[in-house]
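A structural walkthrough
Residue strings, one per chain:
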Amino acid sequence: MKNNERYILIIFCFFLFICCQKSVNYAATSQIKLGMTEVSGKIVNLELQDGFEKFKINLFYPNPVTGELAHLEVNLDENGNFYFEVPLECDSLFGFLNSELWKTNSLLIKLVNGKKSSMKIIVDKNGDIEIKIDDSLEITSYDAVNWKKIYFQMHQYVPLDDRKSKQQIYELDPKEYVKFSIQNMAFRMSKIEKHTTLSPNIELFVLNSFKMFFLRNVLLDYKNSIDSYRTDRLSDKQKNFVVQEPKLSYYEFLQDFALNNSQYLLVPDYFEVLQVILSNKTLNISAIDDIPIDVWIKQVKSIMSGLTGLDSGLFYELLIAGAYMKQFRDDIRPLTEKQKENLQNYNFENKDIKYILLRKNEQIIINEKNKRFVNINQTPDVSKEKLMDVIISKYKGKTVVVDFWATWCLPCLSNMKELIEIKNGISEKDVAFIYITGES
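Conventions used here
- Within any chain, residue numbers begin from 1 and follow the written order of that chain's sequence.
- Where local features are concerned, this predicted model is filtered to residues with pLDDT of at least 70; where side-chain atom pairs are given and counted, the filter is 80 or more; whole-chain, interface and lining totals use all residues.
- Excluding hydrogens and water, the side-chain figures rest on all heavy atoms present in the structure.
- Secondary structure is summarised from DSSP: a helix means a run of H or I of at least four residues, a strand means a run of E of at least two, and numbering begins at the N terminus for each.
- Each residue after the first adds 1.5 Å to the expected span of a helix.
- Partly exposed describes any residue whose relative accessible area lies between the buried limit of under 20% and the exposed limit of over 50%, with all areas from a 1.4 Å probe on protein chains only and scaled to the type maximum.
- Working rule for contacts: check all heavy atoms of both residues, and any pair within 4.5 Å makes them a contact.
- For the purposes of these results, a polar contact is taken to be a pair of N or O atoms within 3.5 Å, where, inside protein, one atom must be able to donate a hydrogen and its partner to accept one; residues adjacent in sequence count only when each atom of the pair is a side-chain atom.
- By nonpolar core is meant a set of buried Ala, Val, Leu, Ile, Met, Phe, Trp, Tyr and Cys residues that side-chain atoms within 4.5 Å join together.
- To count toward a patch, a residue needs a relative accessible area over 30% and no salt bridge; like charges are then connected within 9 Å, while nonpolar side chains (Val, Leu, Ile, Met, Phe, Trp, Tyr) are connected within 5 Å.
- The accessible surface values rely on the Shrake-Rupley method and a 1.4 Å probe; as for residues, cover is taken only from the protein chains in view.
- For this document, the term salt bridge refers to a Lys or Arg side-chain nitrogen within 4 Å of an Asp or Glu carboxyl oxygen.
- Any two strands are treated as partners once DSSP identifies two or more bridges connecting them.

Between its first and last C-alpha atoms helix α8 (residues 268–279) spans 18 Å; for 12 residues at 1.5 Å apiece the expected length is 16 Å, and the two agree. Here α8 has its buried residues at Asp269, Tyr270, Phe271, Val273, Leu274, Gln275, Ile277 and Leu278. The inward-facing, buried residues of α8 contact β2 (56–63), α2 (141–156), α5 (200–219), α9 (293–308) and α10 (314–331).

Structure, rendered in structure tokens:
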């Protein structure tokens, strides 16, 4: 068994080496840079007739500094054309086009600062599509249409005997769990390595996307991951097993993920990884508040440098940005005068981080003015049958709107924004809005 484990680990190390070689030879590097781009397109073979305006095109793309997945939406015109003006925080990245017009969930497109992207999307009567993109954007029609299908294949592979592993996984100590999980990840990624139909840049993007997803949801979320292996078939003893928070040394696996890699700027889950690190109870990174940035980052490095193998670089600069964004998002609280002074005084290697955060601060000031009184409550400790009754009991005489949401749910977040104008026109005496989410 031990020899088999060594063999798998050797394969994994070789696999990581190959990935590093790909990143050097093929992947276009990306860097933080404020700018704009334009995206235009035409839907071909579409019989619009009346009601063409009901068809919408949605563009999603990551913002590396603010850690948000931006969302733009436009209507088609009568000729099937659409157009976006896209503010960017990065010199190049990937965007995702969605529409009810085609079966594919997301078309992958390349966004380049200062360079227009144009395309033709051919939709047949079955909703199948072909996309024609400017060759200079280094993405093929096959890449654009099939990237997500190949990405999801990694989620579907089962590398181990599931019946056996599910019984035993909750008993693994944290370091054994890391070994098991990394073997699992390597197996899934190695399957896609054999898939040569994606162009090298897009294959690497897909692999990096899966790596960051796996890091965030499997390795960093140890307690919930262990719990997810529970099934009704387990014994009472197994079901009653209490998962403990791992110790600091558990997170030494972070050094295997090269978190300074600028290619992760293209991957939305990278920013989620940073937020999970900032919120992790064991890592216990303090809120930045009014602490001078050089003092705060020194404290962070005392915790993280031994775990990540990093003492400087992109990872730490984006953690700084993430710390301020955590304040913006969790508290809807703008920067204090001291925080603005701290930002101005800190010497960022990526200079535009400062300006992006100050620009975001202006939006938060506006949001704070529009913010209504907000209460944050823990879930009442009652049976699930009585839970909703208890939650709404304090709002007797009011209409109660209950919204279940999650930070990773794009429609949820979009819906919240769309409701702002409606809420501003409603009296708090008549309607209560309740938002329910989990720890994620």
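It is worth spelling out the side chain of Ser30 at this point. Topologically, Ser30 is positioned in the loop between α1 (2–25) and β1 (32–44). At 3.1 Å, the side chain of Ser30 forms a polar contact with the side chain of Asp91. For Ser30, the side chain forms a polar contact with the main-chain oxygen of Ser92, separated by 2.7 Å. Contact partners of Ser30, with chain neighbours within four places excluded, come to Cys90, Asp91, Ser92, Ser262, Leu265 and Leu266.

What follows concerns the nonpolar core. Soluble globular proteins tend to bury their nonpolar side chains together. Core analysis: the biggest nonpolar cluster contains 110 residues, and Phe82, Leu97, Ile121 and Phe253 have the highest contact counts within it. With 11 residues, the single largest contributor to this core is α10. For Phe253, the residues in contact, after removing those within four places along its chain, are Val178, Ile182, Leu215, Leu219 and Leu220.

Taken together, the side chains of Met388, Ile392 and Phe404 make up a nonpolar region of the molecular surface, amounting to roughly 260 Å² of accessible area. Assignment of secondary structure puts Met388 in helix α13 (residues 384–392). The class for Met388 is partly exposed, based on a relative accessible area of 32%.

Of the two faces of strand β7 (residues 117–123), only the one carrying Ser117, Met119, Ile121 and Val123 is buried; Ser118, Lys120 and Ile122 on the other face are not. As defined by bridge partners, β1 adjoins β7 across six bridges and the pair is classed as parallel. Within the sheet, the bridge partner assigned to Val39 lies in β7 and is Ser117. When β7 meets strand β8 (residues 129–133), the two strands line up antiparallel, connected through five bridges. Counted as the bridge partner of Val123 is Ile129 from β8.

Bridge analysis of β2 against strand β3 (residues 68–75) gives eight bridges, and the strand direction is antiparallel. Looking at β3, one finds that Pro62 is bridged to Leu69. Where β2 hands over to β3, the hairpin turn is made up of four residues, of which Gly67 adopts a positive phi near 65 degrees.

The tally for this structure, following the rule as stated, stands at 10 salt bridges. Where Asp269 meets Arg216, a salt bridge forms, and the shortest distance between an N and an O atom there is 3.4 Å. Of the two residues, Asp269 sits in helix α8 while Arg216 sits in helix α5, which places them 53 residues apart along the sequence. Under the relative-accessibility criterion, Asp269 is labelled buried at 16%. Given a relative accessible area of 11%, Arg216 falls into the buried group. A single network of salt bridges, built from pairs that share partners, joins Arg216, Asp269 and Glu272.

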